[in-house]
Amino acid sequence: MTVCRDCCCGSVRKHPSVDHGAQLRALRATLEPQHRVRTSLCLDVRAQSNVVVVQPTPQARREGARPVWFGLVLDDAVLADLTTWVGAGGPGVAPVPPILGLSMITPPAGG
């Protein structure tokens with residue numbers, strides 16, 4: 001899982017009511033060590049911050065699964081849905097729950 005934390009994502013200026021550090025700690029506490037949670041610089045989807053990209057497992061990728069991008073990840077309910085889905089297998093293994101599908105976004109060109 002890649003969590004954008006740069007100019008807009010993770011910005012207290014843009015999202016003052018979100019505890020960005022707590023989000024990252026919650027993801028790591030829930031998913032690691034089975035799943036790696038890393039941060040990145042800008043993923044070029046500023047209008048949809050906070051952005052999270054979930055990569056498929058190596059086996060699922062070999063079978064054709066691709067990363068799934070999520071935007072506006074701003075509250076605990078979306079984080080809980082994300083971690084539940086990743087725990088169930090994520091891209092190519094478990095279907096995206098309909099409520100989580102509302103947060104899916106199109107990656108930028110080349111993403």
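Residues numbered from 1 in each chain as written. Predicted model: local features only at pLDDT ≥ 70, side-chain atom pairs only at ≥ 80, totals over all residues. Heavy atoms only, no water.

Draft legend 1. Examining the sheet that holds strand S4 (residues 68–70) more closely. Spatially, 5 strands are ordered S2-S1-S3-S4-S5 in an open sheet, and the strand pairing comes out mixed. On the outer flanks of this sheet lie strand S2 (38–40) and strand S5 (104–105), each paired with one strand and no other. Bridge analysis of strand S1 (residues 2–4) against S2 gives 3 bridges, and the strand direction is parallel. Across the sheet, valine 3 pairs through a bridge with threonine 39, a residue of S2. With respect to the sheet, helix H3 (residues 76–87) is in contact with strand S3 (52–54) and S4, its orientation differing from that of S3 by roughly 15°. (Pairing = 2+ DSSP bridges. Helix = DSSP H or I, 4+ residues; strand = E, 2+ residues; numbered from the N terminus. Contact = heavy atoms within 4.5 Å. Axes fitted to C-alpha atoms, helices over the stretch in contact; angles between N-to-C directions.)

Draft legend 2. How the structure looks around the packing of helix H1 (residues 20–31) against H3. The contact between H1 and H3 brings their axes to 10 Å, and the two run at 25°. Judged by the inter-axis angle, H1 sits roughly parallel to H3. Judged by the twist between their axes, the crossing of H1 over H3 is right-handed. Here Gln23, Leu27, Thr30 and Leu31 of H1 lie close against H3, whose contacting residues are Leu79, Thr83 and Val86. Looking at the contact of H1 with H3 residue by residue, the class counts come to 4 nonpolar, 3 polar and no charged. (Parallel < 35°, antiparallel > 145°, perpendicular 65-115°, else oblique. Left-handed = near helix turned anticlockwise from the far one by under 90°. Nonpolar A, V, L, I, M, F, W, Y, C, P; charged D, E, K, R; others polar.)

Draft legend 3. Expanded view of the nonpolar core. Within the largest apolar cluster, 18 residues are counted, with the highest numbers of intra-cluster contacts made by Met1, Val54, Phe70, Leu82 and Trp85. The set of elements that each furnish at least two residues to this core consists of H1, S3, S4 and H3. At 5 residues, H3 tops the list of elements feeding residues into this core. (Core = buried A, V, L, I, M, F, W, Y, C linked by side-chain atoms within 4.5 Å. Buried < 20%, exposed > 50% of the residue type's maximum accessible area, 1.4 Å probe, protein only.)

Draft legend 4. Representation of unusual backbone geometry within the structure. The amide bond that connects glutamate 32 to the next residue, proline 33, takes the cis arrangement and shows omega of 10°. The omega torsion of the bond from serine 49 to asparagine 50 falls at 5°, within 30 degrees of zero and hence cis. By secondary structure assignment, the location of asparagine 50 is in the loop between S2 and S3. Positioned with a positive phi, aspartate 44 is a non-glycine residue whose angle comes to about 65°.

Draft legend 5. View of the packing of aromatic side chains. Evaluated as defined, the whole model comprises 1 aromatic pair. With 5.7 Å between their ring centres and 75° between their planes, phenylalanine 70 and tryptophan 85 make a pair best called edge-to-face. Of the two residues, phenylalanine 70 sits in strand S4 while tryptophan 85 sits in helix H3, which places them 15 residues apart along the sequence. Tryptophan 85 matches phenylalanine 70 in its accessibility class, with the two residues each being buried. (Phe/Tyr/Trp six-rings, centres within 6.5 Å; stacked < 30°, edge-to-face > 60°.)

Draft legend 6. Quick look at the pattern of salt bridges. Evaluation of the coordinates by the stated rule reveals 2 salt bridges. Taking the shortest distance from any N to any O, the salt bridge between arginine 46 and aspartate 44 comes out at 3.6 Å. Overall, the relative accessible area of 42% leaves arginine 46 in the partly exposed class. A relative accessible area of 49% places aspartate 44 in the partly exposed class. (Salt bridge = Lys/Arg side-chain N within 4 Å of Asp/Glu carboxyl O.)

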